[in-house]
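Descriptive analysis of the structure
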There are 2 protein chains.
Amino acid sequence: MYRPHAAVRDLSGDDVSGQPENGKPPSRRPATSVDVARLAGVSRATVSHVLNGQVERFSAETVERVRGAAAALGYVRSTAGRALVRGRGDFIVLAVPHATVTRVQEVIEALSADIEELGFTVVVHFAGVRAGRKAPDRLHHMIETLRPAGVVNLGGLSEDDMEALRAAGCLVLPRYRSGDPNLFIGRLQAGHLHARGRTEIAYAFTGDRRDDPYGPGRAEAVAAFCAEAGLAPPAHLHVPIEAAAARKALERLVSLRGRPVGIACYNDEVALALVFAAKGLGLEVPGDVAVIGVERTEVGQVVSPRLTTVAGDLPAIVGFFRYDLARAYGGAASRPEPPGLTDGYRIYQGETT
Amino acid sequence: MYRPHAAVRDLSGDDVSGQPENGKPPSRRPATSVDVARLAGVSRATVSHVLNGQVERFSAETVERVRGAAAALGYVRSTAGRALVRGRGDFIVLAVPHATVTRVQEVIEALSADIEELGFTVVVHFAGVRAGRKAPDRLHHMIETLRPAGVVNLGGLSEDDMEALRAAGCLVLPRYRSGDPNLFIGRLQAGHLHARGRTEIAYAFTGDRRDDPYGPGRAEAVAAFCAEAGLAPPAHLHVPIEAAAARKALERLVSLRGRPVGIACYNDEVALALVFAAKGLGLEVPGDVAVIGVERTEVGQVVSPRLTTVAGDLPAIVGFFRYDLARAYGGAASRPEPPGLTDGYRIYQGETT
DNA sequence: TTGTAAGCGTTATCAT
DNA sequence: ATGATAACGCTTACAA
């Protein structure tokens, strides 16, 4: 006889898994729609219909019986069967950049909750160079093997990647052209430095050579601001989060551009590295070197001098993705206006500007 | 006629998704094993066998034809079909604690790479209190709906959670009793403070009230060390990553226990908060207040004073999980000895002790 | 060495 | 208002 579940028993019962086999096998076969149907005295089709909300077409009494039976058996639909018949899974892939974005965890958690509420399962995928430049391949493989309902790009995907995915028949969110938040952030930083009296402005990239999906856009925005304000084009520097290297980078900048100088940083970590590098070089902050970060990390606010930084609030950012998600999958009526991704970004004044 | 794939077309083709329908539908039905079989001139069974590595049983020529056909068609197995027949999916769930573990991202990435190499797909699940105390339910639901091959507990699961999962027939890794790394870390911290001459020792928990899966074990280890060394039981304090609150907590500790005092901290962030709190209170570091963190975050090493901290190296930590994974799924022969989870943890001497 | 056929759980269609 | 059925793609015991 052919028993396809034998493998499952092997896995969870024996020394392969190392699980203790305490008396009876703890993993009895999960209830299926057949079981529910039998218990409720109806057909599998009826079960399926009722449990998928097609309640109108059945007698209240039948509906009740089916639901009762399902609850009694602890029945839960098999994703596998569902996916098989529907041609795609109930997954949403979150493509996260490898880059150092400290608060990315919070964004992921918030989005995950949202997505799961919509009935999907979240698969987080870190897209980064680190694992040997085969990141796009890994993603592509995952897409093919998973056939997800959609991919949410949090910055880990290039335009090419996204296009390839769409070509493979995969829904990719968000589809913004409308307001790259990085442009907004860069402009905010430069504007602030200028408002605080700096005429010499620089942009500090993160130092390690991971892919940095946000930096270029922000640097570009800073440059644009400088041009508009009639300032010299911003110097660029790369700042590793390491004392000696950061000091060297700052030293080079100051010798090149003099002081005072204002530096728009990729994130709070870069900003901190520069603040303490300045200290090491005997430069005043913010007198000689003004510094502004991004993210408003907790450490940035607890050290002295307290960091000036720009950050968006989570609800606004998540709201943007939520809107796209709801539009694509849920009730499109949830919100009439697409929230801008730039909403809620603002300066938090600290002691470094 | 019954066309189950209609829904897929709807999704990826029309305004529901917002994708441009450029000319011909970009998503033609993916190749199935039937297609491969037809092109190779063999049966589906043969295709399945060959592609699952049962190469020995077939003529080299057949194998080649099958592989060629699969490659030519860009065939990739459907997870859905596979999962359906096997009773469980190709997923490994990574249960991550919500708690602030800055380097958790790196661990996730490294583990993901490992796991994917074993042929599984990684699903990251953040288990935390934040989302309204329904975290266990969320996880349980995910387990039921996904029927994953296993769950890797990175600290987000309580013993009860794990037991519940096992009862549901799910493989849960790692099954360590053998050396909770937190005990090792706590002891390392206390031992270092003592070696630096402190006789008054305290343990600083993180301040926010998220679930903190690591703190208790470490505090316990610190207490154990103090008892063995004949020191007073360690004071406990909770340190929010916020200047005023951190200062208040430290002030209270010093008024209670006097100085000098040595503080073993939950992580580098807590340590930094205390270092700058001390500064604000006019206390010397490390003279009056010695501080040691955990994690060796980059910021902790770039600020002044540079943090003394304890950290394990990633390869060792990941290696531990990798061993368990390989034992459960891959070739168990990959490594004879289970690496201890305490391997590779050590003190990094900074300027705060 | 290769093929046949059954069976996994779900859902859309069509018949009752 | 409800049910029977076929189909989704894959794996595997067993027959050839």
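Bear in mind the structure is a predicted one, so any value in this text is a computation, not a measurement.

Brief notes about the protein's contact with DNA strand D
Near DNA strand D, the surroundings consist of 32 residues, among which A:T46, B:S33, B:R44, B:Y75 and B:R82 are the closest. Of what DNA strand D places within 4 Å of the protein, 64% of the atoms are sugar or phosphate. One nitrogen or oxygen atom from the side chain of A:T62 is found 2.8 Å from a phosphate oxygen belonging to DNA strand D. Separating a phosphate oxygen of DNA strand D from a side-chain N or O atom of B:R82 is a distance of 2.5 Å. At the level of secondary structure, the elements contributing two or more residues to the surface near DNA strand D comprise α3 (44-51) and α5 (79-86) of chain A together with α3 (44-51) and α5 (79-86) of chain B. Looking at the surface near DNA strand D residue by residue, the classes come out as 13 nonpolar, 13 polar and six charged.

Some thoughts on unusual backbone geometry
Between A:R259 and the following residue, A:P260, the backbone shows a cis peptide bond with an omega angle of 5°. You can see A:P260 is positioned in the loop between α11 (243-257) and β7 (261-265). A cis amide bond links A:S304 with the next residue in sequence, A:P305, at an omega value of 0°. On the secondary structure map, A:P305 appears in the loop between α13 (298-302) and β9 (308-312). Not every positive phi belongs to a glycine, and B:R296 is a case in point at roughly 55°. Looking at the element boundaries, B:R296 is found in the loop between β8 (289-294) and α13 (298-302).

Regarding the pairing of strand β6 (residues 235-239) of chain A
All names here are of chain A. Burial of β6 is one-sided: the residues A235, L237 and V239 facing one way are buried, the residues H236 and H238 facing the other way are not. In this structure, strand β5 (residues 201-206) lies alongside β6, joined through five bridges in parallel fashion. By the bridge assignment, A202 is partnered in β6 with A235.

Observations concerning the sheet that holds β5(A)
Residues and elements named next belong to chain A. A sheet is described by the order of its strands in space; here six strands give the open sequence β6-β5-β7-β8-β9-β10, paired in mixed fashion. The sheet is open, and its two borders are formed by β6 and β10 (345-348), each paired with just one other strand. Looking at each pair of strands side by side, their axes are set apart by 25° on average, direction ignored. Here β7 runs beside strand β8 (residues 289-294); their pairing, made up of four bridges, is parallel.

Section: the pairing of strand β1 (residues 91-97) of chain A
Residue and element names in this part refer to chain A. Taking burial as the measure, the seven residues of β1 include seven buried ones, the bulk of the element. The alternating pattern of β1 places F91, V93, A95 and P97 and I92, L94 and V96 on opposite faces, both of which are buried. In the sheet, β1 pairs with strand β2 (residues 121-127) via seven bridges, with the strands oriented parallel. Looking at the pairing, A95 lines up with H125 of β2. Bridge count between β1 and strand β3 (residues 150-153): four bridges; the pairing is parallel. The partner of V93 across the bridge, within β3, is V151.

Concerning the domain arrangement of chain A
Taken domain by domain, chain A consists of domain 1 (1-77), domain 2 (86-173) and domain 3 (181-313 + 344-348). Between the C-alpha centres of domain 2 of chain A and domain 3 of chain A the distance comes to 30 Å.

Section: the confidence of the model for chain A
All names here are of chain A. Taken as a whole, chain A shows an average pLDDT of 82; of its residues, 82% reach a score of 70 or greater. Here helix α1 (residues 6-13) is the element of chain A with the lowest mean pLDDT, 38, and β7 is the one with the highest, 98. Here residues 1-27 is a poorly scored stretch, pLDDT under 50, and it has 36 contacts once near neighbours within four places are set aside; other chains count. Low confidence marks residues 129-133, where pLDDT is under 50. Its contacts with residues over four positions away, or in another chain, come to three contacts.

Concerning the protein's contact with DNA strand C
Around DNA strand C, 31 residues are found, and the nearest of them are A:S33, A:Y75, A:R82, B:T46 and B:T62. Protein-adjacent atoms of DNA strand C, using a 4 Å cutoff, are sugar or phosphate at a proportion of 62%. Contacts to DNA strand C include A:S33, whose backbone N or O atom sits 2.7 Å from a phosphate oxygen. Within the contact set of DNA strand C, a base oxygen lies 3.3 Å away from a side-chain nitrogen or oxygen of B:R57. Every element with two or more residues in the surface near DNA strand C is listed here: α3 and α5 of chain A together with α3 and α5 of chain B. Class assignment for the residues of the surface near DNA strand C results in 13 nonpolar, twelve polar and six charged.

Examining the side chain of A:H192
Residue position: A:H192 is located in helix α9 (residues 181-195). A residue is classified by how much of its surface remains accessible, and A:H192, at 10% relative accessible area, is buried.

Here's the deal with empty space enclosed by the protein
One pass over the structure, following the stated rule, counts five cavities of 30 Å³ or more. For the largest cavity, the calculated volume is near 50 Å³. Taken together, A:V124, A:H125, A:F126, A:R138, A:M142, B:E109, B:S112, B:E116 and B:V122 make up the full set of residues lining the largest cavity. Only β2 and α7 (135-146) of chain A together with α6 (104-117) of chain B provide two or more residues apiece to the lining of the largest cavity. Here the lining of the largest cavity is built from residues that sort into four nonpolar, two polar and three charged.

Structural notes on α3(B)
All names here are of chain B. Those residues of α3 that fall on the buried side of the exposure criterion are T46, V47 and V50. Mapping the buried residues of α3 onto a view down its axis gives an arc of 100°, with all of them on the same face. Check the buried side of α3 and you find it contacts α2 (33-40) and α4 (60-73).

Remarks on the environment of A:F58
Residues and elements named next belong to chain A. Inspection of the secondary structure assignment puts F58 in the loop between α3 and α4 (60-73). Counting along the chain gives twelve residues from F58 to T46, while the straight-line C-alpha distance between them is 8.5 Å. Once residues lying within four places of it in the same chain are set aside, the contact partners of F58 are T46, H49, V50 and V63.

Cut-offs applied
- Residues numbered from 1 in each chain as written.
- Chains lettered and ligands numbered in written order.
- Predicted model: local features only at pLDDT ≥ 70, side-chain atom pairs only at ≥ 80, totals over all residues.
- Heavy atoms only, no water.
- Near = heavy atom within 4 Å.
- Polar contact = N/O pair within 3.5 Å; in protein donor to acceptor, adjacent residues only side chain to side chain.
- Helix = DSSP H or I, 4+ residues; strand = E, 2+ residues; numbered from the N terminus.
- Nonpolar A, V, L, I, M, F, W, Y, C, P; charged D, E, K, R; others polar.
- Buried < 20%, exposed > 50% of the residue type's maximum accessible area, 1.4 Å probe, protein only.
- Pairing = 2+ DSSP bridges.
- Axes fitted to C-alpha atoms, helices over the stretch in contact; angles between N-to-C directions.
- Domains from an automatic or database assignment.
- pLDDT = per-residue confidence, 0-100.
- Contact = heavy atoms within 4.5 Å.
- 1 Å grid on protein atoms, 1.4 Å probe; cavity = no way out; pocket = protein on both sides within 12 Å on 5 of 7 lines; lining within 4 Å.
- Points joined across faces, edges and corners; volume = space filled by probe spheres on them.
- Arc of directions from axis to C-beta.

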